[in-house]
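Given next are the chains, with one letter for each unit.
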Amino acid sequence: NAGVTQTPKFQVLKTGQSMTLQCAQDMNHNSMYWYRQDPGMGLRLIYYSASEGTTDKGEVPNGYNVSRLNKREFSLRLESAAPSQTSVYFCATTTGDYSGNTIYFGEGSWLTVV
Amino acid sequence: AQSVTQLDSHVSVSEGTPVLLRCNYSSSYSPSLFWYVQHPNKGLQLLLKYTSAATLVKGINGFEAEFKKSETSFHLTKPSAHMSDAAEYFCVVKDSSYKLIFGSGTRLLVRP
């Protein structure tokens, strides 16, 4: 997973608190993604950014906001955390829209909302 | 609309026996298909990918997969399982858009 760095790796939040997950990549990729992983449901897309300056909703965007700060960084914000947002979050990147481009994942961020 | 179905949530094999993890897809386009592996509490690692070249794709750690358009399948195989293969495996489809569609995963158990 070299090249895609997520912080923090672990976080416990109280209901209603806010926090931001950070993702940075040093591979000069255009496209970046945020996924959540829940048992038995695979990975579901929260938001993605096809290129710097653009963001789009994915499958499960409610309760989240994103910022594509520059080409390297793509952050995910929980404004008012809820227990349903307890999950493992993965950032991913790929070169661009060619379908065969490999997708690279970060190590994941384990978030618990109590 | 695209979709990916991993037909088995769990597969259990004995060490040294063949592995078969099944994946069917639905796509309106000529998709690219990927298999990723995830070990416990780790990120996802690419095993192999199909991108409209050879239909039999060889990946890392002895895994391979065959793209069968007529069956809309992309099953993952390995001739002989190792204990270290125990992990969760995800089939992923990507068309010409930016979105990736993940299967729900198959957990591979390897018995000694």
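So, here is what we can say about the structure in this document.

Procedures and definitions
- Residues numbered from 1 in each chain as written.
- Chains lettered and ligands numbered in written order.
- Predicted model: local features only at pLDDT ≥ 70, side-chain atom pairs only at ≥ 80, totals over all residues.
- Heavy atoms only, no water.
- Helix = DSSP H or I, 4+ residues; strand = E, 2+ residues; numbered from the N terminus.
- Rg over C-alpha atoms; globule rule 2.2 N^0.38 Å.
- Buried < 20%, exposed > 50% of the residue type's maximum accessible area, 1.4 Å probe, protein only.
- Contact = heavy atoms within 4.5 Å.
- Areas by Shrake-Rupley, 256 points an atom, 1.4 Å probe, with all protein chains shown as cover.
- Lys, Arg positive; Asp, Glu negative; His and termini not counted.
- Charge placed at Lys NZ, Arg CZ, Asp CG, Glu CD.
- Salt bridge = Lys/Arg side-chain N within 4 Å of Asp/Glu carboxyl O.
- Core = buried A, V, L, I, M, F, W, Y, C linked by side-chain atoms within 4.5 Å.
- Phe/Tyr/Trp six-rings, centres within 6.5 Å; stacked < 30°, edge-to-face > 60°.
- Pairing = 2+ DSSP bridges.
- Axes fitted to C-alpha atoms, helices over the stretch in contact; angles between N-to-C directions.
- Disulfide = S-S within 2.5 Å.

Observations concerning the overall build of chain B
When its secondary structure is counted, chain B shows 0 helices and 12 strands. The C-alpha atoms of chain B give 13 Å as radius of gyration, which agrees with the globular expectation for 112 residues (13 Å, within 12%). Overall size of chain B, expressed as C-alpha extent along the three principal axes, is 40 × 30 × 20 Å. In chain B, which comprises 112 residues, the proportion classed as buried is 44%. Of the contacts made within chain B by residues no fewer than 6 positions apart, 55% connect residues no fewer than 24 positions apart. Just so you have it, chain B exposes about 5300 Å², and 52% of that area is on carbon and sulfur atoms. Taking the average location of the 11 positive side-chain charges in chain B and that of its 8 negative ones, the two points are 5 Å from each other.

Digging into the pattern of salt bridges
Under the criterion given, the structure shown has 8 salt bridges over all chains. For Arg36(A), the salt bridge is made with Asp38(A), and the minimal N-O distance between the two is 2.9 Å. With a relative accessible area of 7%, Arg36(A) lands in the buried category. Of the residues examined, Asp38(A) reaches a relative accessible area of 11% and is grouped as buried. One salt bridge in this structure joins Asp8(B) and Arg22(B), with 3.0 Å as the shortest N-O distance. Of the two residues, Asp8(B) sits in the loop between strand 1 (3-6) and strand 2 (10-14) while Arg22(B) sits in the loop between strand 3 (19-21) and strand 4 (23-26), which places them 14 residues apart along the sequence. A network of salt bridges, in which partner residues are shared, links Arg36(A), Asp38(A) and Arg44(A).

Some words on the environment of Val4(B)
Residue and element names in this part refer to chain B. In this structure, Val-4 sits in strand 1. When its relative accessible area of 13% is taken as the criterion, Val-4 is described as buried. Put simply, Val-4 and Lys-78 are 74 residues apart on the chain and 21 Å apart in space, counted from C-alpha to C-alpha. Val-4 has contacts with Cys-23, Asn-24, Tyr-25, Cys-91, Val-93, Ile-101, Phe-102 and Gly-103, leaving out every residue within four places of it along the chain.

Brief notes about the nonpolar core
In summary, soluble globular proteins display a tendency toward joint burial of nonpolar side chains. Residues Trp35(B), Leu48(B), Leu76(B) and Tyr89(B) are the most contacted members of the largest nonpolar core, which totals 26 residues. Per element, the largest residue contribution to this core is 4 residues, and it comes from strand 10 (residues 87-94) of chain B.

Observations regarding the packing of aromatic side chains
Residues and elements named next belong to chain B. Under the counting rule described, the total for this entry stands at 14 aromatic pairs over all chains. Each ring, one from Phe-34 and one from Tyr-36, has its centre 6.2 Å from the other, and the planes form 35°; the classification is tilted. Judged on exposure class, the residue Phe-34 and its partner Tyr-36 are both buried. With a centroid separation of 4.1 Å and an interplanar angle of 15°, the aromatic rings of Tyr-50 and Phe-67 are classed as stacked. With a gap of 17 residues between them, Tyr-50 in strand 6 (residues 44-50) and Phe-67 in strand 8 (residues 64-68) connect regions that are remote in the sequence.

Focus on the sheet that holds strand 8 (residues 74-78) of chain A
Residue and element names in this part refer to chain A. In space, the 4 strands of this open sheet follow the order 1-3-8-7, with antiparallel pairing throughout. In this open sheet, the two edge strands, each paired with only one partner strand, are strand 1 (4-7) and strand 7 (64-68). Mean inter-strand twist for the sheet, computed between neighbouring axes without regard to direction, equals 15°. Note that strand 3 (residues 19-25) and strand 8 share 3 bridges and pair antiparallel. When the bridges of strand 8 are listed, Thr-20 appears paired with Arg-77.

Concerning the state of the cysteines
Across all of its chains, the model carries 2 disulfides over all chains by this definition. Here Cys23(A) engages in a disulfide with Cys91(A); their sulfurs sit 1.9 Å apart. Where Cys23(A) bonds to Cys91(A) through sulfur, the torsion about that S-S bond is close to -75°, and the disulfide is left-handed. Placement of the pair is Cys23(A) in strand 3 and Cys91(A) in strand 9 (residues 87-94), with a sequence separation of 68 residues. The burial state of Cys23(A) is the same as that of Cys91(A); both residues are buried. For Cys23(B), the disulfide goes to Cys91(B), at an S-S distance of 2.0 Å. What sets the handedness of the Cys23(B) and Cys91(B) disulfide is the S-S torsion sign, and at about -70° it is left-handed. With Cys23(B) in strand 4 and Cys91(B) in strand 10, this residue pair connects regions lying 68 residues apart in the sequence. With respect to class, Cys23(B) is no different from Cys91(B); both count as buried.

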